[in-house]
Amino acid sequence: MTSIAKDIDRITADIRQFEAEYERPQNSVTLLAVSKKHSAQSIEIAAQHGIHNFGENYLQEALGKIQALEKYPLIWHFIGPIQSNKTKAIAENFDWVHSVDREKIARRLSEQRTKDRGALNVCVQVNLSDEQSKSGATLKNTADICALVAQLPGLTLRGLMAIPAPQSYYQDQRASFNELNLEFKALAERYPTMDTLSMGMSNDFEAAIAEGSTMIRIGTALFGSRPV
Ligand SMILES: *Cc1c(COP(=O)(O)O)cnc(C)c1O
């Protein structure tokens, strides 16, 4: 077996184990394979080993791979920062967007969504640790952006996403994810289409599953370190 196939088996086993350990329903956590900077060939190996969901950050790079892998029934997630001149191609080529963090981007994605593909699935990206990164809505703005996404015809509000500042200690990782989970639960009561909490990466996905993640975004642990 290739190392990608072995990594998929190992991470999938970890996910099932953490679901049991933290009393989460079995199969409630989806593995989103983050394939940025990795080849279409690597994605193909993962697809043949049962992975359907792939995350990409860079539009041009992603479009080539989406086209090259057209014969597979894959679900493509845009997870990188979004410039407004990129919204059309994102709306036309992706199934999900996890990085909506301002109203202008939400409106453009809705207007530009290809009608025959149904609504685009959207997670609103939340910035939990304000100074660390420029991406993501503040907790204060998150509710307003969710309200807008919920009413735009080209979008379906699916949930929240966050990339907390990297933390070495498990308890600190859990504290950030808990903060997002509380916000998610409050909003999901208002918006019944919200079923997705996109949090957890290669180094912190156990803590994310413990705190209610439903979709972990794994790159390095699955495809190896990224070429620079
Ligand atoms: C690159 C990236 C990941 C994957 O990170 P790893 O540490 O390689 O697992 C997850 N989410 C986002 C938004 C990313 O940009």
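Residue positions are counted from 1 within each chain, in the order its sequence is given. The predicted nature of this model means local features are confined to residues of pLDDT at least 70 and side-chain atom pairs, given and counted, to a pLDDT of 80 or more, with totals for whole chains, interfaces and linings taken over all residues. Only hydrogens and water are set aside; all other atoms, that is, all heavy atoms of the structure, feed into the side-chain values.

A.B. asks: I tried to follow the overall build of the protein chain on my own but got confused; where do I start?
C.D. replies: Helix and strand assignments follow DSSP, with helices taken as H or I runs no shorter than four residues and strands as E runs no shorter than two, numbered in order from the N terminus. Looking only at helices and strands, one finds 9 helices and 8 strands in the protein chain. Values of the radius of gyration come from C-alpha atoms, whereas the globule rule sets the reference at 2.2 Å times the count of residues to the power 0.38. Relative to the 2.2 N^0.38 estimate, which gives 17 Å for 228 residues, the radius of gyration of the protein chain is 17 Å and therefore close to what a compact globule would have. Seen through its principal axes, the protein chain has C-alpha atoms that stretch 45 × 40 × 30 Å. Residues counted as buried form 52% of the 228 residues belonging to the protein chain. In what follows, a contact means two residues having at least one pair of non-hydrogen atoms within 4.5 Å. The contacts in the protein chain between residues at least 6 apart in sequence include a share of 57% that link residues at least 24 apart. Accessible surface computed for the protein chain: about 10900 Å², of which carbon and sulfur atoms make up 49%. Relative accessibility decides the category of a residue: with a 1.4 Å probe and only protein chains considered, values under 20% of the type maximum give buried, values over 50% give exposed, and everything between is partly exposed. What sets the accessible areas is the Shrake-Rupley method with a 1.4 Å probe; for residues, cover comes only from the shown protein chains.

A.B. asks: Which parts of the structure should I look at to understand the pattern of salt bridges?
C.D. replies: Any two side chains of opposite charge can pair, on the condition that their charged atoms come close. Should a side-chain nitrogen of Lys or Arg be within 4 Å of a carboxyl oxygen of Asp or Glu, the pair is scored as a salt bridge. For the structure on display, the rule yields 9 salt bridges. Put simply, E61 and K65 hold a salt bridge, and the shortest N to O gap is 2.7 Å. Here K65 and E61 lie together in helix 3 (residues 59–68), a separation of 4 residues that amounts to about one turn. Classification of E61 as partly exposed rests on a relative accessible area of 26%. Given the relative accessible area of 6%, K65 is considered buried. For E211, the salt bridge identified is with R174, shortest N-O distance 2.8 Å. With a gap of 37 residues between them, E211 in the loop between helix 8 (205–210) and strand 8 (215–218) and R174 in helix 7 (residues 170–190) connect regions that are remote in the sequence. A relative accessible area of 21% means that R174 is categorised as partly exposed. One salt-bridge network, in which partners are shared between bridges, spans E56, E61 and K65.

A.B. asks: Whenever I open this one, the pairing of strand 2 (residues 53–56) confuses me. Can you help?
C.D. replies: As a general feature of sheets, a regular strand has side chains that alternate between the two faces. Burial along strand 2 is two-sided: the residues N53 and G55 and F54 and E56 are all buried. As paired strands, strand 1 (residues 30–34) and strand 2 are joined by 2 bridges and run parallel to one another. Its bridge partner being in strand 2, V34 is matched across the sheet by G55. In this scheme, strands are said to pair when DSSP sees at least two bridges between them. Inspection of the sheet shows strand 2 paired to strand 3 (residues 75–78) by 4 bridges, in the parallel sense. Looking at strand 3, one finds that E56 is bridged to F78.

A.B. asks: I keep staring at the site of the ligand and nothing clicks. Help me out?
C.D. replies: In the vicinity of the ligand, the contacting residues are V34, K36, N57, I79, I163, M201, S202, R217, I218, G219, T220 and R226. Whenever a nitrogen or oxygen atom comes within 3.5 Å of another N or O atom, the pair is scored as a polar contact, on the condition that within protein one atom can donate a hydrogen and the other can accept it, and that pairs from neighbouring residues in sequence are kept only if both atoms are in side chains. One of the side-chain N or O atoms of K36 is found 2.7 Å from an oxygen atom in the ligand. Protein chains bury 90% of the 390 Å² of accessible surface belonging to the ligand in isolation. For each residue, the test is whether any non-hydrogen atom lies within 4 Å of the molecule or strand; if one does, the residue is near.

A.B. asks: Is there a simple way to think about the state of the cysteines in this case?
C.D. replies: Covalently bonding the sulfur atom of one cysteine to the sulfur atom of another cysteine gives a disulfide. Any pair of cysteine sulfurs within 2.5 Å is marked as a disulfide. Inspection of the entire model under this criterion finds 0 disulfides. For the unlinked cysteine C123, the closest cysteine sulfur is that of C146, found at 9.3 Å.

A.B. asks: Help me understand the environment of R113, please; the structure alone is not making it clear to me.
C.D. replies: Among the secondary structure elements, R113 is positioned in the loop between helix 5 (103–112) and strand 5 (120–126). In this structure R113 comes out as buried when scored by relative accessible area, which is 5%. In this structure the C-alpha to C-alpha distance between R113 and C123, which are 10 residues apart in sequence, comes to 16 Å. A distance of 2.8 Å separates a polar atom in the side chain of R113 from the backbone oxygen of G118.

A.B. asks: Please clarify how the nonpolar core should be interpreted in this entry.
C.D. replies: Generally speaking, nonpolar side chains in soluble globular proteins are found buried as a group. The biggest cluster of nonpolar side chains holds 65 residues, and the ones touching the most others in it are F54, L109, L160 and L222. In this view, F54 contacts L32, A33, S35, I43, A46, A47, L74, I75, W76, H77 and F223; residues no more than four positions away in its chain are not counted. Buried Ala, Val, Leu, Ile, Met, Phe, Trp, Tyr and Cys residues that are joined via side-chain atoms within 4.5 Å together make up what is termed a nonpolar core.

A.B. asks: Can you help me understand the side chain of E19 in this one?
C.D. replies: Considering the arrangement of structural elements, one finds E19 in helix 1 (residues 3–21). A distance of 3.0 Å separates the side chain of E19 from the backbone nitrogen of V29, its partner in a polar contact. Other than its neighbours up to four places away in sequence, E19 contacts R24, P25, Q26, N27, S28, V29 and I209.

A.B. asks: Can you help me understand unusual backbone geometry in this one?
C.D. replies: Glycine aside, negative phi is the norm for most residues, and most peptide bonds take the trans geometry. Of note in the backbone geometry, E23 takes a positive phi value of approximately 55 degrees without being a glycine. Here E23 lies in the loop between helix 1 and strand 1. Overall, the relative accessible area of 75% leaves E23 in the exposed class. Phi at K37 takes a positive value of approximately 65 degrees, unusual for a residue other than glycine.

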